[in-house]
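# Coordinate analysis (summary)
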Amino acid sequence: MSTGMTASTIASKDARLQRRIQRYGWDLAVQAYAQHWHGPLAGVQGELMALASPAAGEAVLDVACGTGVVAAAAAAAVGPTGRVLGVDLAEAMVQASWQHARELGIGHAAFERMDAEQLTLPDASFDLVLCSLGLMYLPDPDAALREMHRVLRPGGRTVLAVWGERERCGWAPLFGIVDAEVRSEVCPLFFGLGQGGSLARRCAAAGLSVSVERRRCDALHYAGAAQACAAAFAGGPVALAWSRFDEAVRVRVQARYIDAISSWRVGEGYRVPAEYLLVVAHKPVRPRPVRQVPTVTA
């Protein structure tokens, strides 16, 4: 799978296709995602929230909110005097977020289906923008970062989490295995944001000032091969491709994936390494314009 393609190349080539893949794929993945990923992602999401430190009364936007776990944590932090809006491209994820908020009795959080690259929100309307493991799926993450900058109030901050270096994510062979069975790459830019200082440079290009850049290493725990495959194929970004595979293809790709993660086997289970990159960036406070004093001539 290529990671050298630029965001602009992807956006001009097949951005519409990529958005459809992500939208309908995550619609299909919502239940398996909640079952297999809520626990493993709790650590990185907790660190993201600690870095964000939402304060009482703040307005928070959660981009690519998924099932609403991060949005719910933000709502608890800002309290009833604050407000939280979660947006996601997948309608099933938006509905799951509403359900999660209702179950927790949260009344000051709302959720909408919205494209992160074209937020239909007013300028300078949020104190904090969060995005937990969502930027990698966008055809044009630079456009999304510019939108985050636009909706932030001067002095506001954004806290982002993406997957880290490909070599430090033991489940990374998944994409190549699936791409061998389909006509288009399911996530052509997936690991690009986690490489080196790529995300910090993109934030700077969007007008955001980076103050924290931190890597986190965890392990994804699976009780056995069936759970590892369910998380990878049914609960992740390749869910749309998985839904269209016949039984023979499913058996083949599962066998290849289990072989790819075999070095991480512990007894009957698996401990697959995973790296995350977290970034905190601020929207600079614009200096007051200097009043021009007219020159008086004698």
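Among all positions in helix α7 (residues 198-205), only Ser-198, Leu-199, Ala-200 and Cys-203 are buried. Residue Gly-207 follows α7 closely and has a positive phi angle near 95°.

The biggest cluster of nonpolar side chains holds 97 residues, and the ones touching the most others in it are Leu-61, Leu-130, Leu-135, Trp-163, Trp-171, Leu-199 and Phe-233. Tallying contributions element by element places strand β8 (residues 269-282) first for this core, with nine residues.

Looking now at the packing of helix α2 (residues 42-52) against helix α3 (residues 69-78). Put simply, α2 and α3 touch, their axes get as near as 11 Å, and they point 35° apart. By crossing handedness, the relation of α2 to α3 is classed as right-handed. Residue-level contacts link Gln-45, Leu-48 and Met-49 of α2 to Val-69, Val-70, Ala-73 and Ala-74 of α3. In terms of residue class, the contact of α2 with α3 is built from six nonpolar, one polar and no charged.

With that settled, consider the pattern of salt bridges. Any two side chains of opposite charge can pair, on the condition that their charged atoms come close. Per the counting criterion, the structure on display carries 15 salt bridges. Two residues, Arg-216 and Glu-47, come together in a salt bridge whose shortest N-O distance is 2.7 Å. Of this pair, Arg-216 sits in strand β6 (residues 209-222) while Glu-47 sits in helix α2, placing them 169 residues apart in sequence. Here Glu-47 falls in the buried class, since its relative accessible area comes to 14%.

Attention now goes to the confidence of the model for the protein. For the protein, mean pLDDT is 91; residues scoring 70 or higher make up 91% of the total. Across residues 1-5 the pLDDT falls below 50, and counting only partners more than four positions away or on other chains, this stretch makes 15 contacts in the model.

Inspection of the secondary structure puts His-36 in helix α1 (residues 7-37). The exposure class of His-36 is buried, given its relative accessible area of 12%. For His-36, the contacting residues outside a window of four places in its chain are Gln-227, Ala-230 and Ala-231.

Cut-offs and rules
Throughout, residues of each chain are indexed from 1 in the direction in which the sequence is written. Thresholds applied to this predicted model are a pLDDT of at least 70 for local features of residues and 80 or more for the giving and counting of side-chain atom pairs; totals over whole chains, interfaces and linings are not thresholded and use all residues. Heavy atoms throughout the structure, all of them, feed into the side-chain values; hydrogens and water do not. Think of it in three bands: residues with accessible area under 20% of the maximum for their type are buried, residues over 50% are exposed, and the middle band is partly exposed, with areas taken using a 1.4 Å probe on protein chains only. Each helix is a run of H or I in the DSSP string that is no shorter than four residues. Each strand is a run of E no shorter than two, and both are numbered from the N terminus. The definition of a nonpolar core used throughout is a set of buried Ala, Val, Leu, Ile, Met, Phe, Trp, Tyr and Cys residues joined through side-chain atoms within 4.5 Å. Fitted lines through C-alpha atoms serve as axes, helices being fitted only where they are in contact, and the angles separating the N-to-C directions of these axes extend from 0 to 180 degrees. Whether a crossing is left-handed or right-handed is set by the direction in which the near helix is turned from the far one by less than a right angle, anticlockwise for left-handed and clockwise for right-handed. The contact rule is simple, with two residues in contact once any of their heavy atoms fall within 4.5 Å. Each residue gets one label: Ala, Val, Leu, Ile, Met, Phe, Trp, Tyr, Cys and Pro are nonpolar, Asp, Glu, Lys and Arg are charged, and the others, such as Gly, are polar. The term salt bridge refers to a pairing of a side-chain nitrogen on Lys or Arg with a carboxyl oxygen on Asp or Glu at a separation within 4 Å. Within a predicted model, pLDDT stands for the predictor's per-residue confidence, ranging from 0 to 100.

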